[in-house]
Amino acid sequence: MKPEHLSKAIGDQFSDKSIVENYGYRPEYSSDVIQFLSDSLTISEMDVLDIGTGTGEIAIPLSMLGHRVVGVDPSLEMIKAATLKHSKVKFVHSYIENFVPKSHFDLFVAANSIHWADWEKAFPVLKSVSKSHAKLAIVTGGDISLEGLQRELLDLIQSYSTTQNFKPYCVINMLDQGGFIKNVVATEMAAVTVEQNINDYIASFHARNGFSLERMGPYLAQEFDDQLRSLLAKKGFLENIRGQVTYKVTIADMV
């Protein structure tokens, strides 16, 4: 059973205006991730379904590599923002559980998104539009790791997040043990060094679960921002942050 903090109600916060507006401050998926996905089936022009596409961070680069991509997301504001960025991807406003595609797909990609779906309903939808050789690719990771700061940063996040019932989890293990996927192969991508202006780094938190400005309210949000800025200064980050970002791509068959 999924943890309570992965409920539909909590996932729906990604429709909040502040999350959409700040989404671009999150680290980009590395070129290694995009190329790995592009090469995963050795098909030069794949039909790809990007589940929880957000503003197209995976869908657009894959399209630019020549693949036919459909991006689906339950947030209408995300879909609007994605559509403004790129015209070749077909972006669709829908929960994946309710998605009614008009084609079949070689590759399904879920980048930090599959945990929000109702798996009992979503996987039959995916299976119904899978080509015989189709694979599911799950991308995880993407947080910036700042040396000497992780423990204090995690404590700060736990103190201010509006998602107070969070419990650590591994989505791959839950899907595997739940009988939704099999033949699981995970690949760690090389770490990428990221440098970012502190203001942009702080804004990136407001594009994440538990830090919607609408749900935090102005006073709690400002207090969090001030505390984070002070923590960064204490560790010597005054104008920019510099850290490592890692990703894992898990390829699996759907049961």
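Before reading on, note that the structure itself is shown above.
Residues numbered from 1 in each chain as written. Predicted model: local features only at pLDDT ≥ 70, side-chain atom pairs only at ≥ 80, totals over all residues. Heavy atoms only, no water.

Caption draft 1: Local environment of the overall build of the protein. Across its full length, the protein carries eleven helices and eight strands. In terms of overall size, the protein behaves like a compact globule, its C-alpha atoms giving a radius of gyration of 18 Å where 255 residues would be expected to give roughly 18 Å. When the backbone C-alpha atoms are referred to their principal axes, the protein occupies close to 55 × 35 × 35 Å. Within the protein, buried positions represent 51% of all 255 residues. A sequence separation of at least 24 residues applies to 79% of the contacts in the protein between residues at least 6 apart. Taken as a whole, the protein presents about 12,700 Å² of accessible surface, with 51% of it coming from carbon and sulfur. Within the protein, one finds 24 positive and 31 negative side-chain charges whose respective centroids are separated by 5 Å. (Helix = DSSP H or I, 4+ residues; strand = E, 2+ residues; numbered from the N terminus. Rg over C-alpha atoms; globule rule 2.2 N^0.38 Å. Buried < 20%, exposed > 50% of the residue type's maximum accessible area, 1.4 Å probe, protein only. Contact = heavy atoms within 4.5 Å. Areas by Shrake-Rupley, 256 points an atom, 1.4 Å probe, with all protein chains shown as cover. Lys, Arg positive; Asp, Glu negative; His and termini not counted. Charge placed at Lys NZ, Arg CZ, Asp CG, Glu CD.)

Caption draft 2: Structural view of the packing of helix α9 (residues 198-205) against helix α11 (residues 218-234). Running from amino to carboxyl end, α9 crosses α11 at an angle of 135°, the nearest separation of the two axes being 11 Å. Judged on the interaxial angle alone, α11 and α9 are oblique. Crossing of α9 against α11: the hand is right-handed. Across the interface between the two elements, Ile-198, Asn-199, Tyr-201, Ile-202 and Phe-205 from α9 touch Phe-224, Asp-225, Leu-228, Arg-229 and Leu-232 from α11. (Axes fitted to C-alpha atoms, helices over the stretch in contact; angles between N-to-C directions. Parallel < 35°, antiparallel > 145°, perpendicular 65-115°, else oblique. Left-handed = near helix turned anticlockwise from the far one by under 90°.)

Caption draft 3: Summary view of the packing of helix α7 (residues 150-160) against α11. Packing of α7 against α11 leaves a shortest axis separation of 11 Å and a crossing angle of 175°. Taken together, α7 and α11 sit at an angle that is classed as roughly antiparallel. Residues Glu-152, Leu-153, Leu-156 and Tyr-160 of α7 pack against Leu-220, Glu-223, Phe-224, Gln-227, Leu-228, Leu-231 and Lys-234 of α11. A breakdown of the residues in the contact of α7 with α11 according to their chemical character gives seven nonpolar, one polar and three charged. (Nonpolar A, V, L, I, M, F, W, Y, C, P; charged D, E, K, R; others polar.)

Caption draft 4: Expanded view of unusual backbone geometry. The backbone of Thr-42 shows a phi angle near 50°, a positive value even though the residue is not glycine. With respect to the element layout, Thr-42 can be found in the loop between α3 (31-39) and β1 (47-51).

Caption draft 5: The packing of aromatic side chains, seen in detail. Enumeration according to the criterion identifies eleven aromatic pairs in this entry. Taken together, a centroid distance of 5.2 Å and an interplanar angle of 40° make the contact between Tyr-29 and Tyr-247 tilted. Highlighted residues: Tyr-29 in the loop between α2 (17-22) and α3 and Tyr-247 in strand β8 (residues 240-254), separated in sequence by 218 residues. Seen in terms of ring centroids, Phe-205 and Phe-211 are 6.5 Å apart; in terms of plane orientation they differ by 75°. Their pairing is edge-to-face. The burial state of Phe-205 is the same as that of Phe-211; both residues are buried. By the ring-pair criterion, three or more aromatic residues cluster together here, those being Tyr-160, Tyr-201, Phe-205, Phe-211 and Phe-224. For Lys-2, the ring lying beneath its charged end belongs to Trp-119, and the centroid distance is 5.2 Å. (Phe/Tyr/Trp six-rings, centres within 6.5 Å; stacked < 30°, edge-to-face > 60°. Lys NZ or Arg CZ within 6 Å of the ring centre and 35° of its normal.)

Caption draft 6: The environment of Ala-81, seen in detail. With respect to the helices, strands and loops of the structure, Ala-81 is situated in helix α5 (residues 76-85). The class for Ala-81 is partly exposed, based on a relative accessible area of 23%. The sequence separation of Ala-81 and Ala-122 amounts to 41 residues, and the corresponding C-alpha distance is 24 Å. Filtering out sequence-adjacent residues up to four positions away, Ala-81 remains in contact with Val-20 and Thr-55.

Caption draft 7: Local environment of the pattern of salt bridges. Here the structure, examined in full by the defined rule, presents 16 salt bridges. The partner of Lys-85 in a salt bridge is Glu-57, with the nearest N and O atoms 3.6 Å apart. Of the two residues, Lys-85 sits in helix α5 while Glu-57 sits in the loop between β1 and α4 (59-64), which places them 28 residues apart along the sequence. Classification of Lys-85 as partly exposed rests on a relative accessible area of 47%. (Salt bridge = Lys/Arg side-chain N within 4 Å of Asp/Glu carboxyl O.)

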